[in-house]
Amino acid sequence: MMNDLDAIVATAKSAFAQARTPADLENAKAQFLGKSGRMTELMKGLAALSVDEKKSRGAAINLAKQAIEAALNASRQALADAELATQLQAEALDVTLPGRQRGQGGLHPVSLAQERIEAIFGSMGFDVAQGPEIEADWFNFTALNTPEDHPARSMHDTFYVEGGSATAPNLLRTHTSPMQIRYAVQHVKRHRIAAGDSGAGLFSGAMPEIRVIAPGRTYRVDSDATHSPMFHQVEGLWVGENISFKDLKSVYLNFITTFFETDALQLRFRPSYFPFTEPSAEIDIMFESGPLKGRWLEVSGSGQVHPQVIRNMGLDPERYIGFAFGSGIDRLAMLRYGVNDLRLFFEGDVRFLSQFQ
Ligand code: DAH
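This one's a predicted model, so the numbers in the text were calculated from it and none came from an experiment.

A. A look at the domain arrangement of the protein. Domain boundaries in the protein define domain 1 (2-90) and domain 2 (109-356). For domain 1 versus domain 2, the separation of C-alpha centres amounts to 96 Å.

B. Layout of helix H4 (residues 51-90). End to end, H4 covers 58 Å across 40 residues, agreeing with the expected 58 Å (1.5 Å per residue, within 8%). Within H4, burial applies to Gly58, Ile61, Ala64, Ile68, Ala71, Leu72, Ser75 and Leu79. Here the buried face of H4 lies against helix H1 (4-18), helix H2 (22-33) and helix H3 (38-45).

C. How the structure looks around the site of the ligand. Lining the immediate environment of the ligand, one finds 15 residues, of which His175, Ser177, Arg220, Gln233 and Glu235 sit closest. Within the side chain of Glu235, a nitrogen or oxygen atom sits 2.6 Å from an oxygen atom of the ligand. Contributing elements (two or more residues each) for the shell around the ligand: strand S5 (230-240), strand S8 (297-305) and strand S9 (321-328). Here the shell around the ligand is composed, by residue class, of four nonpolar, nine polar and two charged.

D. Layout of the pattern of salt bridges. Under the definition given, this model contains 15 salt bridges. With a closest N to O distance of 2.7 Å, Asp349 and Arg351 form a salt bridge. Each of Arg268, Arg270, Asp284 and Glu298 takes part in one network of salt bridges that share partners.

E. Region of interest: H1. In a regular helix each residue adds 1.5 Å, so 15 residues correspond to 21 Å; H1 covers 21 Å between its end C-alpha atoms and thus fits that length. As for H1, its buried residues are in contact with H2, H3 and H4. Between the side-chain oxygen at the start of H1 and the backbone nitrogen of Leu5 there is a gap of 3.0 Å, and the oxygen is on Asn3.

F. Representation of the sheet that holds strand S7 (residues 277-287). Here seven strands make up an open sheet; going across it, the order is S1-S4-S5-S9-S8-S7-S6 and the pairing mixed. Two strands bound the open sheet, and with one partner strand each, they are strand S1 (127-128) and strand S6 (265-274). For strand S4 (residues 210-219) and S5, the ladder comprises ten bridges, and the chain directions are antiparallel. Opposite Gly216, over in S5, you have Gln233 as the bridge partner. Across the sheet, helix H7 (residues 178-194) touches S1, S4, S5, S8 and S9, and the angle it forms with S4 is around 145°.

About the cut-offs
- Residues numbered from 1 in each chain as written.
- Predicted model: local features only at pLDDT ≥ 70, side-chain atom pairs only at ≥ 80, totals over all residues.
- Heavy atoms only, no water.
- Domains from an automatic or database assignment.
- Helix = DSSP H or I, 4+ residues; strand = E, 2+ residues; numbered from the N terminus.
- Expected span 1.5 Å × (residues − 1).
- Buried < 20%, exposed > 50% of the residue type's maximum accessible area, 1.4 Å probe, protein only.
- Contact = heavy atoms within 4.5 Å.
- Near = heavy atom within 4 Å.
- Polar contact = N/O pair within 3.5 Å; in protein donor to acceptor, adjacent residues only side chain to side chain.
- Nonpolar A, V, L, I, M, F, W, Y, C, P; charged D, E, K, R; others polar.
- Salt bridge = Lys/Arg side-chain N within 4 Å of Asp/Glu carboxyl O.
- Pairing = 2+ DSSP bridges.
- Axes fitted to C-alpha atoms, helices over the stretch in contact; angles between N-to-C directions.

Right, here's the structure in full:
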């Protein structure tokens, strides 16, 4: 049969076991071990007993007290363990989950094509120049031998912007050709100063050749599967003292075979007209194998720089001569990557664009 002490120990154990929080547990502890708790009361009761009874009863009370304290510690530990388990559960980290990856960016196919073009011409000693997209009438037309009433202006459907004058920005450049003038004028100015030339009149002294490409965005009022109102061109210019069509052909052939990574293609010049070149030619290429085999494809305008344009560069056409070309970068990129609708380049659809990475 249970004596009174065993009963108290059992009550204490079950009270401790029911505690859900440390505060519950401390309250339960007070009922048994506190200043006016059950065990303390029992100890006080010892005073009324005889010496022998005190001894045996005291020892029994102490044992019971130790049992209660042991139960209390066990419950404290159990509560702490449970709390830790809950916390671990809440903060669980699945280290086997695949990590979140940041999408790898990449260059646009037109930029890739442009970088290729820059690298190839760079290897042939061409400088790479950039110029403004909002251009002045002078650079876009007049200096390129296309005066205001010239019928050739209607070849370009131009976006005009408000304000401006003949030499102030007033249109979106319709081609990269204005960079011929901008670059050449700077080049001539620099070398005249270096040569101690006064700078008046056309320059007929000695200077290093002009050899430059100018890639960039160009604009025309035009939009269908092969035309975009914004497109890309690369201008090429080589001016020196003995530059001929032969040089144009060898440079362009070297460029185009390197760009397409094949020697199995032919190049032809087809007579054409541009105000800033005389004579002028379209450059066509034909692949001798592959899906485009056997078709002549127009890739560039070109020609010998017109003497009036040489003058507008500040040079004496009696001494200086050169050639120029203007090729569509988007078209070259379409041919290289087998894209048949130009608009795909400019819709910004990652599913399309990521195929070029
Ligand atoms: N600028 C001309 C165009 O956009 C292309 C061109 C033709 C550029 C002949 C040239 C050139 O430099 O010599 O239609």
